[in-house]
Amino acid sequence: MNREQLIQFVRDQYGLDEEYLWLKFPNYAVFRHRENNKWFALIMDVPKNKIGLDGNEIIDIVDFKCDPLLIGSLICEDGIYPAYHMSKASWVTVALDGSADEEKIKRLLDMSFEMTAAKKGKKKNES
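Residues numbered from 1 in each chain as written. Predicted model: local features only at pLDDT ≥ 70, side-chain atom pairs only at ≥ 80, totals over all residues. Heavy atoms only, no water.

Let us look at the sheet that holds strand β3 (residues 58-65). Pairing between sheet strands relies on hydrogen bonds along the backbone, with the strands arranged either parallel or antiparallel. With respect to topology, five strands assemble into an open sheet ordered β1-β2-β3-β5-β4, the strand pairing being antiparallel. In this open sheet, the two strands that pair with only one neighbour each are β1 (29-32) and β4 (80-82). Between one strand axis and the next, the sheet turns through 25 degrees on average, direction left out of account. With five bridges connecting them, β3 and strand β5 (residues 91-95) associate as antiparallel partners. Note that in β5 the partner of V62 across the bridge is V94. Sitting on the sheet, helix α1 (residues 3-14) touches β1, β2 (39-47) and β3, and the angle it makes with β2 is about 170 degrees. Of the strands in this sheet, β2, β3, β4 and β5 touch helix α3 (residues 102-116), which is tilted by about 45 degrees from β3. (Pairing = 2+ DSSP bridges. Helix = DSSP H or I, 4+ residues; strand = E, 2+ residues; numbered from the N terminus. Axes fitted to C-alpha atoms, helices over the stretch in contact; angles between N-to-C directions. Contact = heavy atoms within 4.5 Å.)

Next comes the structure, spelled out in structure tokens:
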């Protein structure tokens, strides 16, 4: 999955468009919930060495919020790395260069979306 495919998938799946928040980083795209403004995906283009790969070539990556219990095993998989720019305790970075499994990216996106969604209030008991 590449950057354009991920953006289109988020639009189709969640009905949300990406936001470009920084003039200094015009290719950094944020996806966030409408109701609470919490981010669930951050797409960036960074030099490969920023995520631990060899070289300075620019690579597209995406950060997802993740269950901290899964991070240790996830970063052992192809294309998944400790979070770049976000907390390594609760986020992971995925390369958008075809090295990560597309279905895994979709599952991580769903997890991130759910983890950052507004919490539903408790229902009051009706008498």
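What follows covers the pairing of β2. As paired elements, β1 and β2 share four bridges and run antiparallel to each other. Within β2, the residue paired with F31 across the bridge is A41. Counting the residues in the hairpin turn of β1 and β2 gives six residues, including N37, whose phi is positive at 60 degrees. In this structure, β2 lies alongside β3, joined through seven bridges in antiparallel fashion.

Taken together, the side chains of L21, W22 and F25 make up a nonpolar region of the molecular surface, amounting to roughly 240 Å² of accessible area. Looking at F25, the relative accessible area reads 34%, which means it is partly exposed. (Patch = residues over 30% accessible without salt bridge, like charges linked within 9 Å, V, L, I, M, F, W, Y side chains within 5 Å. Areas by Shrake-Rupley, 256 points an atom, 1.4 Å probe, with all protein chains shown as cover. Salt bridge = Lys/Arg side-chain N within 4 Å of Asp/Glu carboxyl O. Buried < 20%, exposed > 50% of the residue type's maximum accessible area, 1.4 Å probe, protein only.)

Before going further, it helps to spend a moment on the packing of α1 against α3. Helix packing for two helices is described by the angle between their axes and how far apart those axes are. Where α1 meets α3, the closest approach of the two axes is 12 Å, and the angle between their N-to-C directions is 50 degrees. Overall, the two elements α1 and α3 adopt an arrangement that is oblique. Relative to α3, α1 is oriented so that their crossing is right-handed. For the pair formed by α1 and α3, the contact residues are L6, F9, V10, Q13 and Y14 on the first element and I105, K106, L109, D110 and F113 on the second. Within the contact of α1 with α3, the residues separate by chemical class into seven nonpolar, one polar and two charged. (Parallel < 35°, antiparallel > 145°, perpendicular 65-115°, else oblique. Left-handed = near helix turned anticlockwise from the far one by under 90°. Nonpolar A, V, L, I, M, F, W, Y, C, P; charged D, E, K, R; others polar.)

Across all of its chains, the model carries seven aromatic pairs by this definition. With a centroid separation of 5.7 Å and an interplanar angle of 75 degrees, the aromatic rings of W22 and W39 are classed as edge-to-face. Of this pair, W22 sits in the loop between α1 and β1 while W39 sits in strand β2; the two residues are 17 residues apart in sequence, bridging distant segments of the chain. Residue classification places W22 among the partly exposed residues on the basis of a relative accessible area of 31%. Taking the centre distance of 5.0 Å and the plane angle of 85 degrees together, the rings of F40 and F113 count as edge-to-face. In this pair, F40 is assigned in strand β2 and F113 in helix α3, connecting sequence segments 73 residues apart. The buried category is assigned to F40, whose relative accessible area is 0%. (Phe/Tyr/Trp six-rings, centres within 6.5 Å; stacked < 30°, edge-to-face > 60°.)

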